[in-house]
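Report on the structure
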Amino acid sequence: MKGYLWLAWRQQRLLVGVGAAVLATVAAIAAYSRADMLDALRSGLFDHCGTGPLYCTQSGTGLPLLLDVEPLRYLGALNIALPVVIGVFWGAPLLGRDRELGTHRMVLAQGVSRGQWFASRMALAAVTTVAVSGALAGVFAWWWRPAADRSYRDSFAVPRRSRRG
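Reference entry: report on the structure contained in this document. Each chain carries its own residue numbering, running from 1 in the written order of its sequence. It should be noted that, the model being predicted, local features are given only for residues of pLDDT at least 70 and side-chain atom pairs only at 80 or more, the latter also being counted only at that level, while totals for whole chains, interfaces and linings use all residues. For side-chain calculations, the full set of non-hydrogen atoms in the structure is used, while hydrogens and water are omitted.

A separate point is a negative patch on the surface. Here, patches come from residues exposed beyond 30% relative accessible area and free of salt bridges, joined within 9 Å for like charges and within 5 Å for nonpolar side chains (Val, Leu, Ile, Met, Phe, Trp, Tyr). Every accessible area reported is derived by Shrake-Rupley at a probe size of 1.4 Å, with residue values counting cover from the shown protein chains alone. By convention in these notes, a salt bridge is any Lys or Arg side-chain nitrogen within 4 Å of a carboxyl oxygen on Asp or Glu. In this count, Lys and Arg are taken as positive residues and Asp and Glu as negative ones, while His and the chain termini are left out. Lys charges are placed at NZ, Arg charges at CZ, Asp charges at CG and Glu charges at CD. Among the surface-exposed residues, Asp36, Asp39, Asp68 and Glu70 lie close enough to one another that they form a single negatively charged patch. To sort residues, take the accessible area from a 1.4 Å probe on protein chains only and compare it with the maximum for the residue type: under 20% means buried, over 50% means exposed, and anything in between is partly exposed. Judged by its relative accessible area of 48%, aspartate 39 is partly exposed.

Rendered as structure tokens:
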């Protein structure tokens, strides 16, 4: 990397590192929770349940039999909110900070066009956002896949009501 790309990296590397740390933390939590979910599925409690997003009850008591999907809900919410959070706390102040610090004058005096400078600044933030969001979506899919076809209350879908009559 040379010139303005190097400067953009130097100024934003802490934020890229924070994104990588968040991703690593979420992946570790997902691996731990997925192991618990797989243990519950292998225990035999769900063997009598059919496939599909139906309600499964415990044999004998009739009580609902549910997997612990609360961490998945949090990951889903994070997956939805992450691009907005990155945009607010990273993207919005990106150019304002350069103007405050006077970095834009130094860079533009080096023969870099405004378009190149803008593209280098925004491209790093955009690429990081897409990479972290895509990786989180992959972690979510990997975590959810073993239980996706099990018969229990599907907490991610709106329950369908039957129409009578």
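This part takes up helix α2 (residues 70-101). The end-to-end C-alpha separation of α2 is 44 Å, in line with the 46 Å expected for 32 residues at 1.5 Å each. Of all the bends in α2, the greatest, near 45°, is centred on leucine 94. Here a strand is any run of E in DSSP of at least two residues, a helix any run of H or I of at least four, and the numbering for each starts at the N terminus. Every buried residue belonging to α2 is among Leu72, Leu75, Gly76, Asn79, Leu82, Ile86, Trp90, Leu94 and Asp98, and all of these are buried. Looking at the residues trailing α2, positive phi occurs at glycine 102, about 80°. What a helix is expected to span follows from its residue count: subtract one and scale by 1.5 Å. Two axes enter the definition of the bend at a residue: one is fitted to the seven residues ending there, the other to the seven starting there, and the bend is the angle between them.

Examined against the element boundaries, glutamine 12 turns out to sit in helix α1 (residues 3-42). For the purposes of these results, a polar contact is taken to be a pair of N or O atoms within 3.5 Å, where, inside protein, one atom must be able to donate a hydrogen and its partner to accept one; residues adjacent in sequence count only when each atom of the pair is a side-chain atom. Only 3.1 Å separates the side chain of glutamine 12 from the side chain of tryptophan 90, close enough to count as a polar contact. Here a residue-residue contact requires only that any non-hydrogen atoms of the pair lie within 4.5 Å. What glutamine 12 contacts, discounting residues up to four positions off in sequence, is Trp90, Leu94, Arg121, Leu124 and Ala125.

On the surface, a cluster of nonpolar side chains totalling about 400 Å² of accessible area is made up of Val84, Val85, Val88 and Phe89. Summarising the element assignment, valine 84 is placed in helix α2.

Where α2 contacts helix α4 (residues 114-144), the two axes come as close as 10 Å, and the packing angle between them is 175°. The pairing of α2 with α4 is recorded here as roughly antiparallel in orientation. Gly falls in the polar group here, along with every residue not listed as nonpolar (Ala, Val, Leu, Ile, Met, Phe, Trp, Tyr, Cys, Pro) or charged (Asp, Glu, Lys, Arg). Taken together, the residues of the contact of α2 with α4 sort by class into 22 nonpolar, six polar and two charged. Throughout, an axis means a line fitted to C-alpha atoms (over the contacting stretch in the case of helices), and angles, computed between N-to-C directions, take values from 0 to 180 degrees. Angles are sorted into four bins: roughly parallel if under 35 degrees, roughly antiparallel if over 145, roughly perpendicular if 65 to 115, and oblique for all others.

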